[in-house]
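Take a look at the letters that make up each chain.
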Amino acid sequence: MSSLRLTRAFLGSQKRLMSSTPKPKLHKFVLFAPDTKDSARSTVQKQHREAIAPFVQSGVVKVAGMTVTPESIESEEAAVKPFGSCIIYEAENIDVVRKMVESDIYYTSGVWDREKLVLVPFLPVTSFP
């Protein structure tokens, strides 16, 4: 059999395998991560954003942002005071997300308060694009 026919046969069998293999079910998870009292958020924020960007681009991170104190939004002149982070992930299981969280510079550098960090499955009533 010619190599061209072998290649076509191989690609055809791969295509059948790929189409018959179900994609893993993805679940959403929400992270609420309050900052430590003396957080060094601003010193590592650039690295955090650079590291999370590929997860945002790939769709693993659906929503991410900084939580702020209620006083931060009371008026236009109010100073924004960070309180922590909130991130919604989409992944196969919570262990995958936990590894991402534990490798985040906010986690490793002590910005997030590890004792108060909450990571739970999330069942939205709205869907994300």
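Our structure's up above, just so we're on the same page.
Just so it is clear, the model here is predicted, and its values are computed rather than measured.

(A) Molecular detail of the pattern of salt bridges. The final tally for this structure, using the stated rule, is five salt bridges. Between Asp-35 and Arg-41 there is a salt bridge, with the nearest N and O atoms lying 2.9 Å from each other. Neither residue differs from the other here; Asp-35 and Arg-41 are each classed as buried. Here the salt bridges share partners, and the residues they tie into one network are Lys-28, Lys-62 and Glu-90.

(B) Molecular detail of the packing of aromatic side chains. Following the criterion strictly, the structure yields two aromatic pairs and no others. Here the basic side chain of Arg-114 rests over the ring of Tyr-107, its NZ or CZ set 4.2 Å away from the ring centre.

(C) View of the sheet that holds strand S2 (residues 61-68). Read from one edge of the open sheet, four strands run S2-S3-S1-S4, paired in antiparallel fashion. Bordering the open sheet on either side are S2 and strand S4 (118-122), each of which pairs with just one other strand. For this sheet, the mean angle separating the axes of adjacent strands, direction not counted, is 15°. Inspection of the sheet shows strand S1 (residues 27-34) paired to S4 by five bridges, in the antiparallel sense. Within S4, the residue paired with Phe-29 across the bridge is Pro-121.

(D) Structural view of the environment of His-27. The topology assignment puts His-27 in strand S1. Take His-27: its relative accessible area is 33%, and that puts it in the partly exposed class. Apart from the residues lying within four places of it in its own chain, the contact partners of His-27 are Tyr-89, Glu-90, Ala-91 and Glu-92.

(E) Structural view of a nonpolar patch on the surface. A cluster of nonpolar side chains, Phe-32, Phe-83, Val-118 and Val-120, forms an exposed patch at the surface whose accessible area comes to about 300 Å². Here Phe-32 lies in strand S1.

(F) Looking closely at the nonpolar core. Counting residues in each nonpolar core, the largest one holds 17 residues, and the members touching the most others are Leu-31, Ile-87, Tyr-89, Val-97, Val-101 and Trp-112. Contributions of two or more residues to this core are made by S1, helix H2 (41-58), strand S3 (82-91), helix H3 (94-103) and helix H4 (105-108).

(G) Spatial organisation of the pairing of S1. Extensive coverage of S1 is indicated by the burial of six of its eight residues. By the bridge criterion, eight bridges tie S1 to S3 in an arrangement that is antiparallel. The residue bridging Leu-31 from the neighbouring strand is Ile-87, located in S3.

Each value, and the rule that gives it
Residues numbered from 1 in each chain as written. Predicted model: local features only at pLDDT ≥ 70, side-chain atom pairs only at ≥ 80, totals over all residues. Heavy atoms only, no water. Salt bridge = Lys/Arg side-chain N within 4 Å of Asp/Glu carboxyl O. Buried < 20%, exposed > 50% of the residue type's maximum accessible area, 1.4 Å probe, protein only. Phe/Tyr/Trp six-rings, centres within 6.5 Å; stacked < 30°, edge-to-face > 60°. Lys NZ or Arg CZ within 6 Å of the ring centre and 35° of its normal. Pairing = 2+ DSSP bridges. Helix = DSSP H or I, 4+ residues; strand = E, 2+ residues; numbered from the N terminus. Axes fitted to C-alpha atoms, helices over the stretch in contact; angles between N-to-C directions. Contact = heavy atoms within 4.5 Å. Patch = residues over 30% accessible without salt bridge, like charges linked within 9 Å, V, L, I, M, F, W, Y side chains within 5 Å. Areas by Shrake-Rupley, 256 points an atom, 1.4 Å probe, with all protein chains shown as cover. Core = buried A, V, L, I, M, F, W, Y, C linked by side-chain atoms within 4.5 Å.

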